[in-house]
Amino acid sequence: MTAALEVRQLNVLFELSAEAAFAGVPVTRISSSTPLDEPPGFRVGLIDVNLTVAAGDCLAILGASGSGKSSLLRTIAGLQAMRTGTVRVKGRDVTTRPAEQRSIVYLHQEPVLFPHLSVLENVAFPLRIRGVSKDEAYRRAVDRLMTLQVGSVMGNAPDALSGGQRHRVALARALCAEPDVLLLDEPLASLDPAVLSDVRAALQVARTVSGAAMVLVTHDLDDALAIASHISAVSWCSLTEALTPDDLLRTPPDLETARLLGVYAEVSGVVSGVGEPVFTWIGGQLQAPGAAHGAAVACVRSHETALLAPGTAGMEVLSVVGRTERAHEILLELRNTAGETAVVRVGHDVAVRPGESMSISIRHARFFQSH
Amino acid sequence: MTPRRMPIARSLLLLALTVFALAPLAILIATSFARGWFYPAAVPAGFDGGAWHDLFADAAHRGALLNSLLLGIATALTATACALPLGRAAAAGARPVRRAVALLAFAAVALPPVVLGVGLQLTVLSLGLGGTLFGVFLSHLVPALGYLTLVFLGVFTRWDTRLEEAAATLGATASMRWRIVLLPLLRRPITEALALGFLVSWAQVALTLLVGGGAVRTLPLDVLAMLQSGQDQRAAAGALALTIPALIVLGASRIAARNTAAVVA
């Protein structure tokens, strides 16, 4: 079966005028199969990007601010220059085609509606420019607006809409274009929690209704988990392999991606031992199958730890020196008798307080060599 | 100053400004209809429409009026058609390009008319267009293009390019984007640019005189000539006639502004 969107060996350029936005983002020249060709005024930001998305599927690309996620989408959409790589839509090479001939709709972070057109005219716009009669275009536009539960505002001007309504109307308009690919540039960023769930629901409806391949870029794992079937991450100026959310959380490909996911505590230690490697940290030891010997970081989720009575056999006694409450977990800062410290994430039911002693067992972790 | 005195002071200031703005116009109106108004008489002996009749009965004046209208319309259309893409390209360009275009446009506006006129006279003469309507049109185009380039540079510097991007990815071709998105949203600045371009040409005296060399007559030149030859009533009527298109153009641009969504905030 032909993929709806296929991107191969794409190098994404950053405009140098936007250089300040990327201050602090390291551009590491990793090995590239294509020569790094930087035209004047541009800098290569993402290298050798490969991705495939099937029709009806949604790929989320996770990345820090300024990592080039938006530039990647804009390049795929044909809104930004590209030097190398290919973009195929349903097997058709659109690399050199202008944006309007790609069957790719790009939705900006802030919904962009035409201010001189009503909501209905906005949504009917992609149909009208294709020569669909006014009556038919409006009928289909109303249908899409109803699907996304904004039928009641069809006569309004765009500036009379709330934030959530603007998102829904922009989505309805995108669906009316019947694209093969829908690109969503951080559609949930900068939304307050009440609107957030509203727009998330609309995106899920859009995914079901459209049958288009969707690519969503975000810096928020929750947004990716809510909508996407696969997740890839921007890591070391390239994209990691797309994995299902479960696989990605179970085995993130590298430490940078693990940090990006934001759900792990990082515990430093050493991997050693003859035969089965063992990871030793201030709280004790645990098996580290497949881990390389030497200094390492173990990434541990809150539900992968277990608190034990102080001095449990084989476990070190640790003092709690700090406790930070978060929405879904608690960060505990622990110290051993030698003064070494570590921070672990534990569930909300943990009652230990600073000054108390305890032991802690790590049931499962992912290990990465520390640099 | 006490709170009670503030409104009085403000009212007096407003009155003074009104008198300052309207008194010359009132005097012009009175003079244009006056009959036998000689110094030191405070009021004219009578009123009639003789000066207005003379102004429009004279074929030479009608020709001057026609020249002024032709020059104004041609200058407005040409300068707008050139300044819009120029301002758009400059706004999208790198900062040095933007600065260079702004500097050139500002120079065309800021140079004293006599300096600009002498330079343009030499250029137009070398092209063999001295004393022709086309030569005068070219000379009017220079300051008009300067003004309008600055206008469109400002418009497109604040322009939301995402509108065109959204239209493009929804399937709109370049011509559709111009027709359906850009032009309707630019109706207000385009109308204002047309008005400004017309007015720059309509009120032009120095460039017309220097480049036209007296062979090209326009209404402002005729008004000046009438004033110099002591035909005060006809000069007043001519001066008032000069304000009519200006008022129409300003009114039209205000109406267009009201009817257009303010997308360029």
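For every chain, the first residue of the written sequence is number 1, and numbering continues from 1 onward in sequence order. Chains and ligands are labelled by the order in which they are written, letters from A for the one and numbers from 1 for the other. Restriction of local features to residues with pLDDT of at least 70 applies here, the model being predicted, together with a cutoff of 80 or more for giving and counting side-chain atom pairs; totals for whole chains, interfaces and linings are based on all residues. Values reported for side chains reflect all heavy atoms of the structure, with hydrogen atoms and water molecules removed beforehand.

### Some points on the interface of chain B and chain A
Put simply, the rule is: Only heavy atoms matter for contacts: two residues are in contact if any of them lie within 4.5 Å across the pair. A quick way to say it: buried area is the sum, across both parts, of accessible area lost when two parts are put together, with a 1.4 Å probe. Between Lys or Arg on one side and Asp or Glu on the other, a salt bridge is scored when a side-chain nitrogen of the former is within 4 Å of a carboxyl oxygen of the latter. Each helix is a run of DSSP H or I of at least 4 residues and each strand a run of E of at least 2, with the numbering of both proceeding from the N terminus.
In this assembly, 20 residues from chain B lie in contact with 22 residues from chain A. Carbon and sulfur atoms supply 71% of the area that chain B and chain A bury against each other, a total of about 1700 Å² over both sides. Counting every contact that joins chain B to chain A gives two salt bridges. Those elements giving two or more residues to the side of chain B that touches chain A turn out to be α7 (162-169) and α8 (174-185) of chain B.

### Section: the packing of α8(B) against helix α9 (residues 187-202) of chain B
Residues and elements named next belong to chain B. For clarity, the cut-off: Fitted lines through C-alpha atoms serve as axes, helices being fitted only where they are in contact, and the angles separating the N-to-C directions of these axes extend from 0 to 180 degrees. In these notes the angle categories are as follows: under 35 degrees is roughly parallel, over 145 is roughly antiparallel, 65 to 115 is roughly perpendicular, and the rest is oblique. Each residue is assigned to one of three groups, with Ala, Val, Leu, Ile, Met, Phe, Trp, Tyr, Cys and Pro labelled nonpolar, Asp, Glu, Lys and Arg labelled charged, and all others, Gly among them, labelled polar.
Put simply, α8 and α9 touch, their axes get as near as 4 Å, and they point 60° apart. Between α8 and α9, the angle is such that the two are oblique. Counted together, L183, P184 and L185 of α8 and R187, P189 and I190 of α9 form the full contact between these two elements. Among the residues forming the contact of α8 with α9, the class breakdown is five nonpolar, no polar and one charged.

### A few points about the environment of E340(A)
Residues and elements named next belong to chain A. Heads up, the rule is: Only protein chains enter the calculation, and the probe is 1.4 Å; a residue is then buried if its accessible area is under 20% of its type maximum, exposed if over 50%, and partly exposed in between.
Inspection of the secondary structure assignment puts E340 in the loop between β17 (330-335) and β18 (341-346). Judged by relative accessible area, E340 falls into the partly exposed class, the value being 45%. With 21 residues separating them along the chain, E340 and S361 place their C-alpha atoms 17 Å apart. For E340, the contacting residues outside a window of four places in its chain are I282, L334 and R335.

### Considerations on the domain arrangement of chain B
It is common to give the size of an interface as the accessible area lost on bringing the parts into contact. All names here are of chain B. The criterion, for reference: Marked domain ranges trace back to an automatic or database domain assignment. Polar contacts, as counted here, are pairs of nitrogen or oxygen atoms within 3.5 Å of one another; within protein the pair requires one atom able to donate a hydrogen and one able to accept it, and residues that are adjacent in sequence qualify only if both atoms are side-chain atoms.
Domain annotation for chain B reports domain 1 (7-47) and domain 2 (50-259). When the two sides are added together, the surface that domain 1 and domain 2 hide from each other amounts to roughly 620 Å², 72% of it contributed by carbon and sulfur. When the buried area of domain 1 at its contact with domain 2 is split by residue, L28, T31 and S32 rank highest and sum to 66% of it. Applying the counting criterion to the domain 1 and domain 2 interface returns zero salt bridges. Viewed at the interface, domain 2 and domain 1 are joined by one residue pair in polar contact (both at pLDDT 80 or more). It is helix α1 (residues 5-33) that contributes the most residues to the side of domain 1 that touches domain 2, six residues altogether.

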